[in-house]
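# Structure assessment
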Number of protein chains: 2
Amino acid sequence: MAEGDQEGKLLGSADPLNIINGDHENRANLPVTSSLPMNGGNGTYSYSKNSYYQKQSAGVEREKIIEEIREKLDMKTLSSVSNTIRLADLGCATGQNTFMTIQTILEAMQRKYKSQISQSCPHDSDDQMPEFQVFFNDLESNDFNTLFTSLPQDRQYLAAGVPGSFHGRLFPESSIHFVHTSFSLHWLSKLPEELQNKASPAWNKGRVHYTSAPNEVIEAYACQFAEDMERFLNARAKELVPQGMMVMIMTGIPKGMPCSQIPTGMLYDSISSSLMDMAKEGIIEEGEVDSFNLAFYAASPEEMAGIVEKNGYFGIERMELTNPAAWMKGPVDIPSLVTHVRAAMEGMFSRHFGSLVMDELFGRLTHKLQDISDLINSTCHEKVQLFAVLKRK
Amino acid sequence: MAEGDQEGKLLGSADPLNIINGDHENRANLPVTSSLPMNGGNGTYSYSKNSYYQKQSAGVEREKIIEEIREKLDMKTLSSVSNTIRLADLGCATGQNTFMTIQTILEAMQRKYKSQISQSCPHDSDDQMPEFQVFFNDLESNDFNTLFTSLPQDRQYLAAGVPGSFHGRLFPESSIHFVHTSFSLHWLSKLPEELQNKASPAWNKGRVHYTSAPNEVIEAYACQFAEDMERFLNARAKELVPQGMMVMIMTGIPKGMPCSQIPTGMLYDSISSSLMDMAKEGIIEEGEVDSFNLAFYAASPEEMAGIVEKNGYFGIERMELTNPAAWMKGPVDIPSLVTHVRAAMEGMFSRHFGSLVMDELFGRLTHKLQDISDLINSTCHEKVQLFAVLKRK
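Residues numbered from 1 in each chain as written. Chains lettered and ligands numbered in written order. Predicted model: local features only at pLDDT ≥ 70, side-chain atom pairs only at ≥ 80, totals over all residues. Heavy atoms only, no water.

## Side note on the state of the cysteines
Applying the stated criterion across every chain, the model contains zero disulfides over all chains. Summary of cysteine pairing: Cys92(A) is not part of a disulfide, and the nearest cysteine sulfur, belonging to Cys92(B), is at 18 Å. Residue Cys92(A) is classed as buried on the basis of its relative accessible area of 2%. (Disulfide = S-S within 2.5 Å. Buried < 20%, exposed > 50% of the residue type's maximum accessible area, 1.4 Å probe, protein only.)

Here it is, written out as structure tokens:
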């Protein structure tokens, strides 16, 4: 508790809501074309030392996952074929969060299994708990070495790492019983090409994201997201057994709300305008801003439901938005927020704009965000975390 | 061909037979107590740049593996339950060798499957080739990042990495159809404690290995090996499906032959005497030599067969010694041999004796080996590679 309190004091007021969730946890799942290795290892800016926000935000959904398993997962049927239950965490990164989540899911499954056994054959104590195998997935560039050396010593499961994009096949047909993926699916597999085409109405001039952009830009992002989700769902449909469950947690947005009205969008707008100011002053080229875009998309529940229904392989058990910062007290501490954003995103920007201008960029960003801190504080409890539970038909 | 020839010229005459096989490829499977991270990455002394010997030695057994799969593996039955075939390479390290071996096994399995299908239902072209899933296993300290980023792009299998000791459980019950392990099983899980007990007749004073040691020392190593193999076989017995196959390649020795009569043993004896000379001259402490031992054991086919039969879970399909250097022409190039040994083993020695004395040690070793080069050359074609094929009963 003491340690948790301290962490809360140090970091709590700097919570950027899903600004951090979106950008920090899942850099490993950036599109291949623009991916950078995330901060591996255990250093000052490593993911494993900088994932408190994700832990807190994921905690918001913890009880719901337990409830879904208790109410809707038929462990007896799932384990009837081979007595092995296989779990997958897609976009696992390197930190402790994936181990905590897996532990939560595993314990809920064990409880459900026991309750089903005691109901069906109350005098049969020989019925053996299934073995659990857990697959930790992320892109090839993820730091699996840190993940593997951090595995809990007392784990009650057999662990494996699976490198590769979850937009394609990762596991054998009908082999997985439960899929979990947090803060990963909002990353696109690639950037829409038209964003950089000067002749296209979707040319995203002077911005790094679709926030505050013309509809054509938003549409290009939305199309790419729908295409990625279709590939994701098709792959999972192959891999999940019938009645297998999939929990998806990601950045979301209420239907019809412009991205500029949530903190993530305010951050992106402020980055865009900081960069454009620097271009006007000749510190960077304006063309460099035009050619840089973040492959990040926040879907509404209605949009996601439409994609799932069109795909057709899954039933929707639950689909809702939640406030990922329900645990957070007090106003946002802007300088601390920018430090966290910088730790998470600096590599992405420095590779494109050069490391020499990073102090300048993040300094300007701090000022821009301080100017709109009232706005950020007034929106930082919006429901911008999408929680979805699907079941393979 | 040209590239292969060049490699052969550069390295061929320096082949230390299984001196290198034993010490280089599998440092990752050293006992936890004395393990060092093997040379990961792609640098000058990395495993992936220094595994030509292993490639050649493994190649000696390639045709035999293909033959065993063709003659003895029932692919139709193995794939009848789930249409997924699962392979495991235990002690895979990071290099290309594991990918080549897996490719060989996979292609042999596909051929066998096709031939079985065409025999059983010649007009049924709908019978679908199974999906293949390959598990690459090594200790947690292995460089899985290099392994994952080196995976063949055009692979016809789903890949996963499994960190952990193969002396314990790695996979779910009855889930694996084929196990391969090369140049790993000769590493003990730990050193017998009595080697360092001055009151024990197995105190290994003045030596770094059981080569040229009293029977009690040899016996202590043999007991540990038998215990390790028993744990290994019990774990694999759980994991392999009935009729699943296991291929084991490791350093071996003809029954009754002292280790001092094979090049590996000559190397260890020369290291021991180099260190003892240095102790006498006050460069290191004699106690440091007494307390250092290499956890390496070479078994005879008869010894291995006895262990497998006592275990009882496996039938022996094949058990034989081969000459791992059949491809090698010309005499051993001692300085080049020592360079390779140093690249592979320096870490192990420098951690114990300090990095300052490494030049001294390997310089002396070169002279010692040059003095016995005739002996090394006369024994370098001994059959010291143990090839075993087991089948789960």
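## Comments concerning unusual backbone geometry
Apart from glycine, the bulk of residues carry a negative phi angle, and the bulk of peptide bonds sit in the trans form. For Ser174(A), which is not a glycine, the phi torsion comes out positive at approximately 45 degrees. If you trace the backbone, Ser174(A) turns up in the loop between strand 3 (158-163) and strand 4 (176-182). Positive phi is not limited to glycine here, since Ser212(B) has a value of about 65 degrees. In this fold, Ser212(B) is placed in the loop between strand 4 (176-182) and helix 7 (215-239). Overall, Ser212(B) belongs to the partly exposed group, its relative accessible area being 47%. (Helix = DSSP H or I, 4+ residues; strand = E, 2+ residues; numbered from the N terminus.)

## A look at the interface of chain A and chain B
The extent of an interface is frequently quoted as the accessible surface area lost upon association of the parts. Contacts between the two partners involve 26 residues from chain A, matched on the other side by 26 residues from chain B. Summed over both sides, the interface of chain A with chain B buries roughly 2,100 Å², with 53% coming from carbon and sulfur. Looking only at chain A, the three residues that lose the most surface to chain B are Asn145(A), Phe148(A) and Pro172(A), adding up to 25% of its buried area. Seen at the junction of chain A and chain B, the total is two salt bridges. For Arg169(A), the salt bridge is made with Glu131(B), and the minimal N-O distance between the two is 2.8 Å. Linking chain A with chain B are 10 residue pairs in polar contact (both at pLDDT 80 or more). Going through the elements one at a time, strand 1 (84-90), strand 2 (131-138), helix 6 (144-149) and strand 3 of chain A are the ones with two or more residues in the side of chain A that touches chain B. Sort the elements by how many residues they give to the side of chain A that touches chain B and strand 3 of chain A lands first, with six residues. Among the residues making up the side of chain A that touches chain B, the classes are represented as 12 nonpolar, seven polar and seven charged. (Contact = heavy atoms within 4.5 Å. Buried area = accessible area lost by both parts, 1.4 Å probe. Salt bridge = Lys/Arg side-chain N within 4 Å of Asp/Glu carboxyl O. Polar contact = N/O pair within 3.5 Å; in protein donor to acceptor, adjacent residues only side chain to side chain. Nonpolar A, V, L, I, M, F, W, Y, C, P; charged D, E, K, R; others polar.)

## Some thoughts on the packing of aromatic side chains
For any pair of aromatic rings, the description consists of the separation of the ring centres together with the inter-plane angle of the planes. Overall, the coordinates contain 32 aromatic pairs over all chains when judged by the stated rule. Ring centres 6.5 Å apart and planes at 80 degrees place the aromatic pair Phe148(A) and Phe148(B) in the edge-to-face group. Here the residue Phe148(A) occupies a position in helix 6, and Phe148(B) occupies one in helix 6 (residues 144-149), the pair thus bridging two chains. Connected via pairs of aromatic rings, a cluster forms that spans Phe135(A), Phe171(A), Phe135(B) and Phe171(B). Here the basic side chain of Arg236(A) rests over the ring of Phe232(A), its NZ or CZ set 4.9 Å away from the ring centre. Lying across the ring of Phe387(B), Lys64(B) places its NZ or CZ 4.8 Å from the centre. (Phe/Tyr/Trp six-rings, centres within 6.5 Å; stacked < 30°, edge-to-face > 60°. Lys NZ or Arg CZ within 6 Å of the ring centre and 35° of its normal.)

Shape descriptors only; they carry no functional weight alone.
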